[in-house]
Amino acid sequence: DPPSLRSSRSCPRSRTTAEWEYFGGKCYYFSLTRMSWHKAKAQCEEMRSQLAVIDSYAKQVKTQLQTGILNERFWIGLTDQHSEGDWEWVDGTDYKTTFTFWKEGEPNNSGSNEDCAHLWVSGKWNDVYCTYECYYICEKPVPK
Ligand SMILES: [Ca+2]
Ligand SMILES: [Ca+2]
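Residues numbered from 1 in each chain as written. Chains lettered and ligands numbered in written order. Predicted model: local features only at pLDDT ≥ 70, side-chain atom pairs only at ≥ 80, totals over all residues. Heavy atoms only, no water.

**Some words on the coordination of the calcium ion (ligand 1)**
Stage number 1. The coordination sphere of the calcium ion (ligand 1), as far as protein atoms go, consists of Asp 80 (OD), Asp 80 (OD), Glu 84 (OE), Glu 84 (OE), Asn 109 (OD1), Glu 114 (O) and Asp 115 (OD), spread over 2.4 to 2.8 Å.
Stage number 2. Here the donor residues of the calcium ion (ligand 1) are spaced in sequence according to D-x3-E-x24-N-x4-E-D. Remark: Asp 115 occurs in the loop between β5 (88–89) and β6 (116–119) and Asp 80 occurs in the loop between β4 (74–79) and β5; sequence separation between them is 35 residues.
Stage number 3. Judged by relative accessible area, Asp 80 falls into the buried class, the value being 1%. (Donors = N, O, S within 2.8 Å, 3.2 Å for Na, K, Ca; no water. Helix = DSSP H or I, 4+ residues; strand = E, 2+ residues; numbered from the N terminus. Buried < 20%, exposed > 50% of the residue type's maximum accessible area, 1.4 Å probe, protein only.)

Quick look at the structure:
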């Protein structure tokens, strides 16, 4: 199938009517509202998904295309809230051996208070305080 057809067929609409977008075997949701990292994480879980785990350059390119088009910042599922400097993906993906795409000079834990990661408009990653309110990206496997 052409990618556009496959996309509309594989990923259901969410309750907020925003489209889930298909990419690489997963469905992605770009939120319509801004909220803190912890609320965003809970929202994704409520939709039976998780905050996006950007574990490959292909996923990075896909998501940063959207952040650029939407011209907004988006939470991803990455935090060092449990132990400063020990970044953890929400699904247990091993941070140390996985793709990263931090903005130059980040993560800098500015003000000793930046424990959650989001994508800048450019798509590069930045750590920011977790109560910052921005949009978020959820991901889930294509429903069977
Ligand atoms: Ca930190
Ligand atoms: Ca930072």
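That was the structure; now back to the text.
**Considering the nonpolar core**
Stage number 1. Counting 18 residues, the largest nonpolar core has Ile 54, Ile 76, Leu 78, Trp 89, Trp 102, Trp 125 and Ile 137 as the members making the most contacts within it.
Stage number 2. Those elements that place two or more of their residues in this core are β2 (26–30), β4, β6 and β8 (135–141).
Stage number 3. Considering every element that reaches this core, the biggest residue donor is β4, with three residues.
Stage number 4. Ignoring any residue separated from it by four or fewer positions in sequence, one finds Ile 54 in contact with Lys 59, Gln 60, Thr 63, Ile 76, Trp 89, Phe 99 and Trp 125.
Stage number 5. If you look at the next biggest cluster of nonpolar residues, it comprises 17 residues, including Met 35, Trp 37, Val 128 and Cys 134. (Core = buried A, V, L, I, M, F, W, Y, C linked by side-chain atoms within 4.5 Å. Contact = heavy atoms within 4.5 Å.)

**Topic: the pattern of salt bridges**
Stage number 1. For the coordinates displayed, the defined rule picks out six salt bridges.
Stage number 2. Across the pair Lys 59 and Asp 55 runs a salt bridge, and its minimum N-O distance is 3.4 Å.
Stage number 3. Residue classification places Lys 59 among the buried positions, given a relative accessible area of 8%.
Stage number 4. Judged by its relative accessible area of 32%, Asp 55 falls in the partly exposed class.
Stage number 5. Notably, a salt bridge pairs Lys 59 with Glu 139, separated by 3.2 Å at the nearest N-O pair. On the criterion of sequence distance, the pair formed by Lys 59 in helix α3 (residues 57–70) and Glu 139 in strand β8 is long-range, its members being 80 residues apart.
Stage number 6. In the salt-bridge network here, residues are joined through shared partners; they are Lys 26, Asp 55, Lys 59 and Glu 139. (Salt bridge = Lys/Arg side-chain N within 4 Å of Asp/Glu carboxyl O.)

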